[in-house]
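Coordinates in review
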Amino acid sequence: MTTSVSIKDVSLNFGAVSVLKDLNLEINDGEFLVLLGSSGCGKSTLLNCIAGLLDVSAGQIHIKGKNVTWEEPKDRGIGMVFQSYALYPQMSVEKNLSFGLKVAKVPQAEIDKRVARASEILQIQPLLKRRPAELSGGQRQRVAIGRALVRDVDVFLFDEPLSNLDAKLRSELRVEIKRLHQSLKNTMIYVTHDQIEALTLADRIAIMKNGVIQQLSDPTTIYNQPRNLFVAGFIGSPSMNFLHGELTKSGDKLFFTANGVNFSLNGYEALEKLEAGRKVILGVRPEHIKVNEDLGPEQHDAVVDIEEPMGADNLLWLKHAGHVMSVRINGARRFKPGTPVKLSFDMTLASLFDATTENRL
Ligand SMILES: Nc1ncnc2c1ncn2[C@@H]1O[C@H](COP(=O)(O)OP(=O)(O)O)[C@@H](O)[C@H]1O
Ligand SMILES: [Mg+2]
């Protein structure tokens with residue numbers, strides 16, 4: 001696999017404030033990479049460094065094997081799409097699409113060809129004569145994407161492109177961006193704070209906190225094998241259930257013990273690495289807890305506290321030995337508050353974290 005964008009030991013400081021610290025990231029040719037993290041963690045800063053809109057304080061950025069650390073944005077072979085659209089208000093859609101190419105002295109016939117192709121891909125042909133003020137938010141964002149498309153670049157950079165749109169439009173345009181990537185096969189680097197966008201779009205997710213990448217993996221691995229407590233809690237809605245306890249031994253068997261209750265760890269992926277006495281946090285996703293069916297030999301008593309029917313799913317909040325846990329079950333299965341139930345955990349899909357380091361065991 002060839003590398004498209006390579007970030008080598010990049011640091012960025014604003015005055016005395018260090019935003020990115022010795023950050024390394026290799027993005028493969030044709031890959032859809034999502035930078036995910038909460039507001040202020042440094043996603044836009046990193047994207048702007050790649051684009052050349054910010055100068056790095058240390059380190060290098062290579063695109064297609066070429067060191068572009070000190071190149072102008074226009075010479076980096078990138079196209080950028082912002083949350084704010086950044087369209088020229090006085091120009092028609094057509095002019096917005098072609099303006100950059102005119103400035104770059106691309107021949108008119110080539111400009112016409114590229115504008116026609118981009119507007120066909122994004123289905124904005126009927127809008128070409130309008131001005132941005134005469135467009136909806138979704139249409140404006142399509143034009144903004146079109147402006148990156150006509151530049152015929154190797155790498156697309158997106159900074160929260162869907163954040164200003166309402167929920168329905170956001171999910172529609174999300175699908176379009178995925179379709180765009182499937183047909184163009186360009187490298188795309190996409191910044192978002194939205195875990196659903198990250199999980200649905202990414203080949204790989206780089207999840208960031210305080211300017212440091214916490215985990216870089218495909219969405220399935222991030223979801224099922226979060227490397228630390230932060231990643232585990234950031235991904236998934238409702239959040240993974242966390243139980244604080246310790247590892248104990250009874251006979252030759254290892255248990256997770258919390259509030260005096262033992263949970264067998266049979267089936268946990270790294271069982272042989274665990275030793276009794278360690279303080280740990282057990283993480284179990286709501287859909288990996290079984291209620292009243294397929295329970296297996298180990299069953300625990302719980303009581304339904306709240307039921308939140310969501311159509312396809314039903315979310316139960318259960319009280320169990322001093323914990324409240326969320327459990328996702330089929331929407332057709334309904335429970336009244338106060339109902340006693342039996343539950344069991346699927347330990348093959350659970351996560352254990354060291355209580356001190358918060359790293360996955
Ligand atoms: N021009 C600037 N001057 C000083 N601090 C900045 C500047 N731009 C961003 N920051 C700070 O850098 C941090 C990361 O910002 P940013 O990359 O925009 O975060 P994100 O895009 O993940 O929300 C934030 O704490 C922000 O306040
Ligand atoms: Mg940002």
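Up top you'll find the structure we're talking about.
These remarks concern the structure in this document. Residue indices begin from 1 for each chain and proceed along its sequence in written order. To label them, take the chains in the order written and letter them from A, then take the ligands in the order written and number them from 1. At least 70 in pLDDT is required for a residue's local features to be given in this predicted model, at least 80 for side-chain atom pairs to be given and counted, and no such filter applies to totals for whole chains, interfaces and linings, which use all residues. Only hydrogens and water are set aside when side-chain values are computed; all heavy atoms of the structure are taken into account.

**Details of the site of ligand 1**
Just so we agree on the cut-off: Throughout this document, a residue counts as near a molecule or strand when at least one of its heavy atoms sits within 4 Å of that molecule or strand. Two N or O atoms count as a polar contact when they lie within 3.5 Å, although within protein this holds only if one can serve as hydrogen donor and the other as acceptor, and sequence-adjacent residues are included solely when both atoms are side-chain atoms. Accessible surface is estimated by sampling points in the Shrake-Rupley manner with a 1.4 Å probe; for residues, cover comes only from the protein chains shown. We count a stretch as a helix when DSSP gives it H or I for four or more residues in a row; a strand needs E for two or more, and each element gets its number in order from the N terminus.
Near ligand 1 you find Phe14, Val19, Ser38, Ser39, Gly40, Cys41, Gly42, Lys43, Ser44 and Thr45, and these make up its full shell. In this structure, an oxygen atom belonging to ligand 1 sits 2.9 Å away from a side-chain N or O atom of Lys43. Within the contact set of ligand 1, an oxygen atom lies 2.5 Å away from a side-chain nitrogen or oxygen of Thr45. Starting from 570 Å² of accessible surface for ligand 1 in isolation, the protein chains cover 53%. With three residues, helix H1 (residues 43-51) is the single largest residue contributor to the shell around ligand 1.

**Re the sheet that holds strand S15 (residues 289-291)**
Note: strands within a sheet are paired through backbone hydrogen bonds, in either parallel or antiparallel orientation. Heads up, the rule is: Two strands are said to pair when DSSP picks up at least two bridges between them. Interaxial angles span 0 to 180 degrees and are taken between N-to-C directions of axes, which are lines fitted to C-alpha atoms, for helices over the stretch in contact.
Here five strands make up an open sheet; going across it, the order is S15-S19-S16-S17-S18 and the pairing antiparallel. Strands at the two margins of the open sheet, each flanked by one partner only, are S15 and strand S18 (323-330). Averaged over all pairs of adjacent strands, the angle between strand axes in this sheet comes to 45°, irrespective of strand direction. Two strands pair when backbone bridges link them, and strand S17 (residues 313-320) and S18 are joined in this way by eight bridges, in the antiparallel orientation. From the neighbouring strand, Leu318 faces S18, where its bridge partner is Met325.

**Structural notes on the sheet that holds strand S1 (residues 3-14)**
Within the open sheet, the four strands sit side by side as S2-S1-S4-S5. Their pairing is antiparallel. Looking along the sheet, the strands with just one partner apiece sit at the ends: strand S2 (17-28) and strand S5 (66-67). Bridge analysis of S1 against strand S4 (residues 58-63) gives five bridges, and the strand direction is antiparallel. Opposite Ile7, over in S4, you have Ile61 as the bridge partner.

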